[in-house]
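Here's the letter readout for the chains.
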Amino acid sequence: MLTPGSSEVPSAKLCHTDRFGWSFKKEGQPSDLKQTDSGESVYTLSWKRDASDSTKLPGPGALEISNQYDAEVKFKGRSILITPAVTVYLKVLYKLQEGAANVVEEKVTDEYVLGISPEGSLNTTHLKPIIEDRCDQGRLLATFVCYRDASVLIENLQHEAKIATSLLFETTPLSTVSSFVFPGGRTFAHSNVGFSNYQDLVSAIRYVG
């Protein structure tokens, strides 16, 4: 079961002292969680939140922040694939110069592989997550050269955005399935396992008495 965490809403504040202020706050669970009944894709979740502020004194300035989150859960063969992705867009106007780019662009692929133990019970193996970080720090600093404190702003924004946006997964212990008892006191052992095209967990079984 997929349980989305609270959506993180950015706020932006441009002060008259050459300082940019921002924060993320929780806004409750996003409502755009979709479930499909067939195919590999089981759940998808996508939401986007924006914030901006501007001032004319002591000089023209503006700050825009956009926080986008996408996630998908797939059942593929014997694997459960979970792929959350975070994108944070930043735009700064400072003393008539402008910089704009994605300061966070990260995707994680988490894979759980179903298997059969020597005793015939179901088990899972959690593979090492694959993390794709598409942001180039050097390129970002060059993009925001208009603002003298760009490195601090970007670093703090990246740190907060990555820990603020998350998915919580409620796992179902497979031991509850493998210990199922048929009438008559007989239990069974699994010989293979996988997902059907209709997202059902399918396994061949044999009685073990």
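Residues numbered from 1 in each chain as written. Predicted model: local features only at pLDDT ≥ 70, side-chain atom pairs only at ≥ 80, totals over all residues. Heavy atoms only, no water.

Enquirer: Please clarify how the environment of G115 should be interpreted in this entry.
Expert: Along the chain, G115 turns up in strand β8 (residues 97–116). According to the relative accessible area criterion, G115 is buried, its value standing at 13%. G115 sits 78 residues away from V193 along the chain, and the two C-alpha atoms are 6.7 Å apart. Once you skip the residues sitting within four places of it in the chain, G115 turns out to touch R78, S121, L122, N123 and V193. (Helix = DSSP H or I, 4+ residues; strand = E, 2+ residues; numbered from the N terminus. Buried < 20%, exposed > 50% of the residue type's maximum accessible area, 1.4 Å probe, protein only. Contact = heavy atoms within 4.5 Å.)

Enquirer: Please explain the nonpolar core as it appears in this structure.
Expert: What tends to happen in soluble globular proteins is that the nonpolar side chains get buried as a cluster. By size, the foremost hydrophobic cluster in this structure holds 25 residues, and its most contacted members are V88, L90, V92, V103, L140, F144 and Y147. Looking at this core, the elements with two or more residues in it are β3 (20–26), β5 (41–55), β6 (61–76), β7 (79–94), β8 and α2 (150–164). Here this core takes five residues from β7, the largest share from any one element. (Core = buried A, V, L, I, M, F, W, Y, C linked by side-chain atoms within 4.5 Å.)

Enquirer: Would you take a moment to explain the packing of aromatic side chains for this structure?
Expert: Aromatic ring pairs are reported here in terms of the distance separating the ring centres and the angle at which the planes meet. Throughout the structure, instances matching the rule amount to two aromatic pairs. A centroid spacing of 5.8 Å and a plane angle of 40° characterise the contact between W47 and Y69, whose relative ring orientation is tilted. Here Y69 lies in strand β6 and W47 lies in strand β5, a separation of 22 residues in the sequence. With a centroid separation of 4.1 Å and an interplanar angle of 15°, the aromatic rings of F75 and F195 are classed as stacked. Pair noted here: F75 is in strand β6 and F195 is in strand β12 (residues 188–195), with a separation of 120 residues, a long-range link. We classify F195 as buried; its relative accessible area is 18%. (Phe/Tyr/Trp six-rings, centres within 6.5 Å; stacked < 30°, edge-to-face > 60°.)

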